[in-house]
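# Summary of structural features
Residues per chain, in single letters:
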Amino acid sequence: GESVGLHLPTLSVQEGDNSIINCAYSNSASDYFIWYKQESGKGPQFIIDIRSNMDKRQGQRVTVLLNKTVKHLSLQIAATQPGDSAVYFCAVSGGGSQGNLIFGKGTKLSVKP
Amino acid sequence: DGGITQSPKYLFRKEGQNVTLSCEQNLNHDAMYWYRQDPGQGLRLIYYSQIVNDFQKGDIAEGYSVSREKKESFPLTVTSAQKNPTAFYLCASSRGLAGAYEQYFGPGTRLTVT
C-alpha cells in the first residue's frame, strides 16, 4: 500500500533562515499533496497544497516543490520565524478509489531566536 | 464563524466504559473523517463518511463506531472493545473525498482511559 515518510523527525533553524522539510511517497498514482502545520495540542492547519500537474506552488513565505520522478515533496519556509515552530507533515492522496489521504509522521521544526 | 468544533477538549474515562466524542461542522462539507494520533505517529484513519447515513471503515476501525444522521455531525464512540483507547482524536471534513480536496481539522479531543 501507499506509504509516506519524512526524511528528518526534527529540524532546528535560526530565526530568519530558510527551512526545508522533505517528504517521500511511494504511490506513483498519487495526484494531490498537502502540507499541514500542527502546533502542540491543536488540530492540524492547512498550509498549502499542490496537484500532480504542477511542480511548484507558492504561498505567503511558503513554497511546495513536487518531483514526481523521484516521488518527493518538499516544503520551503522563507525567513523562518519563532511562530513557525510546530510539527509539519505532508499528506498524499492514496491514488485509489478510497480517495483518502495518507499522512506522514511529521517533522518538528524548532526556531532558535 | 465557519469551522469544525470538537468537544470536549479533554476527556477522562474508566476502562470498560464507552465514550462518545462530538464533532460538528458548519462548512457544508459532505465528507467527514475521524483520525487517531499517537505520539510520533502519523494520523491514522478510523472511519469516514462521504454522505449522510453512509460511512466506511478506515485502517483502524476495530473498537470504534460512528453515525452520520446529519450532514453537520459525525460523532465517534470509543467502545470498551478498543484495546488502547488513550490518544488524541481528530475530526476533519472536506468538500468531497480527501483525495481531491483538502481536509479541515477540528481542535481535537484528548481521551485518557485509566
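Below, the structure is looked at part by part. (Residues numbered from 1 in each chain as written. Chains lettered and ligands numbered in written order. Predicted model: local features only at pLDDT ≥ 70, side-chain atom pairs only at ≥ 80, totals over all residues. Heavy atoms only, no water.)

### Considerations on the overall build of chain B
- A count of helices and strands for chain B gives zero helices and 11 strands.
- What you see in chain B, going N to C, is helices and strands ordered as β-β-β-β-β-β-β-β-β-β-β.
- Here the C-alpha radius of gyration of chain B, 13 Å, is about what a compact globule of 114 residues would show, namely 13 Å.
- In terms of overall dimensions, chain B has C-alpha extents of about 35 × 30 × 30 Å along its principal axes.
- For chain B, the proportion of its 114 residues judged to be buried stands at 48%.
- The contacts of chain B with a sequence gap of at least 6 include a subset with a gap of at least 24, amounting to 53%.
- Only carbon and sulfur atoms are counted for the fraction: they give 46% of the accessible area of chain B, which is about 5,600 Å².
- Positive and negative side-chain charges in chain B, numbering 12 and 11 respectively, have mean positions lying 6 Å apart. (Helix = DSSP H or I, 4+ residues; strand = E, 2+ residues; numbered from the N terminus. Rg over C-alpha atoms; globule rule 2.2 N^0.38 Å. Buried < 20%, exposed > 50% of the residue type's maximum accessible area, 1.4 Å probe, protein only. Contact = heavy atoms within 4.5 Å. Areas by Shrake-Rupley, 256 points an atom, 1.4 Å probe, with all protein chains shown as cover. Lys, Arg positive; Asp, Glu negative; His and termini not counted. Charge placed at Lys NZ, Arg CZ, Asp CG, Glu CD.)

### Comments concerning the interface of chain B and chain A
- Listed by partner, the interface residues are 23 residues for chain B and 22 residues for chain A.
- Taken over both partners, the interface formed by chain B and chain A buries close to 1,600 Å², and the fraction arising from carbon and sulfur atoms is 51%.
- The tally of links between chain B and chain A comes to zero salt bridges.
- Applying the counting rule to chain B against chain A returns four residue pairs in polar contact (both at pLDDT 80 or more).
- Elements that contribute at least two residues to the side of chain B that touches chain A include exactly β4 (31-37), β5 (44-51) and β9 (87-94) of chain B.
- Looking at the side of chain B that touches chain A element by element, the count peaks at three residues for β4 of chain B. (Buried area = accessible area lost by both parts, 1.4 Å probe. Salt bridge = Lys/Arg side-chain N within 4 Å of Asp/Glu carboxyl O. Polar contact = N/O pair within 3.5 Å; in protein donor to acceptor, adjacent residues only side chain to side chain.)

### Here's the deal with the sheet that holds strand β1 (residues 4-7) of chain B
All names here are of chain B.
- Taken in spatial order, the four strands line up as β1-β3-β8-β7 in an open sheet, and their pairing is antiparallel. The strands lining the two open edges of the sheet, one partner per strand, are β1 and β7 (64-66). With direction set aside, neighbouring strand axes in the sheet form an average angle of 20°.
- Relative to strand β8 (residues 76-78), strand β3 (residues 19-25) is paired through three bridges, and the arrangement is antiparallel. Looking at the pairing, leucine 21 lines up with leucine 76 of β8. (Pairing = 2+ DSSP bridges. Axes fitted to C-alpha atoms, helices over the stretch in contact; angles between N-to-C directions.)

### Description of the nonpolar core
- In this structure, Phe33, Trp35, Leu73, Leu75, Tyr88 and Leu109 of chain A are the most contacted members of the largest nonpolar core, which totals 22 residues.
- Elements with a contribution of two residues or more to this core: β2 (10-14), β3 (19-25), β4 (32-38), β5 (45-51), β7 (62-67), β8 (72-77), β9 (86-93) and β11 (107-112) of chain A.
- Take this core: its biggest share by element is four residues, from β9 of chain A.
- Not counting residues within four places of it along the chain, the set of residues in contact with leucine 73 of chain A comprises Ile21, Asn22, Cys23, Phe33, Trp35, Ile50, Val64, Leu65, Leu66 and Cys90 of chain A.
- Counting residues in each nonpolar core, the second largest holds 20 residues, with Met32, Ala61, Val78 and Ala87 of chain B among its members. (Core = buried A, V, L, I, M, F, W, Y, C linked by side-chain atoms within 4.5 Å.)

### Thoughts on the side chain of histidine 29 of chain B
Residue and element names in this part refer to chain B.
- Considering the arrangement of structural elements, one finds histidine 29 in the loop between β3 and β4.
- A distance of 3.4 Å separates a polar side-chain atom of histidine 29 from the backbone nitrogen of serine 94.
- Once residues lying within four places of it in the same chain are set aside, the contact partners of histidine 29 are Arg68, Lys71, Ser93, Ser94, Arg95 and Tyr104.

### Observations regarding the pairing of strand β6 (residues 54-57) of chain B
All names here are of chain B.
- Relative to β6, β5 is paired through three bridges, and the arrangement is antiparallel. For isoleucine 51, the partnering residue across the bridge sits in β6 and is aspartate 54.
- Linking two consecutive strands that pair antiparallel, namely β5 and β6, is a turn of two residues; a positive phi of about 65° is found at asparagine 53 within it.

### Concerning the layout of surface pockets
- Approximately 500 Å³ is the volume found for the largest pocket.
- Lining the largest pocket are 19 residues, with Gln38 and Val87 of chain A together with Gln37, Pro39 and Gly40 of chain B sitting closest to its centre.
- Broken down by secondary-structure element, the contributors of at least two residues to the lining of the largest pocket are β9 of chain A together with β9 of chain B.
- When grouped by side-chain class, the residues that make up the lining of the largest pocket number six nonpolar, seven polar and six charged. (1 Å grid on protein atoms, 1.4 Å probe; cavity = no way out; pocket = protein on both sides within 12 Å on 5 of 7 lines; lining within 4 Å. Points joined across faces, edges and corners; volume = space filled by probe spheres on them. Nonpolar A, V, L, I, M, F, W, Y, C, P; charged D, E, K, R; others polar.)

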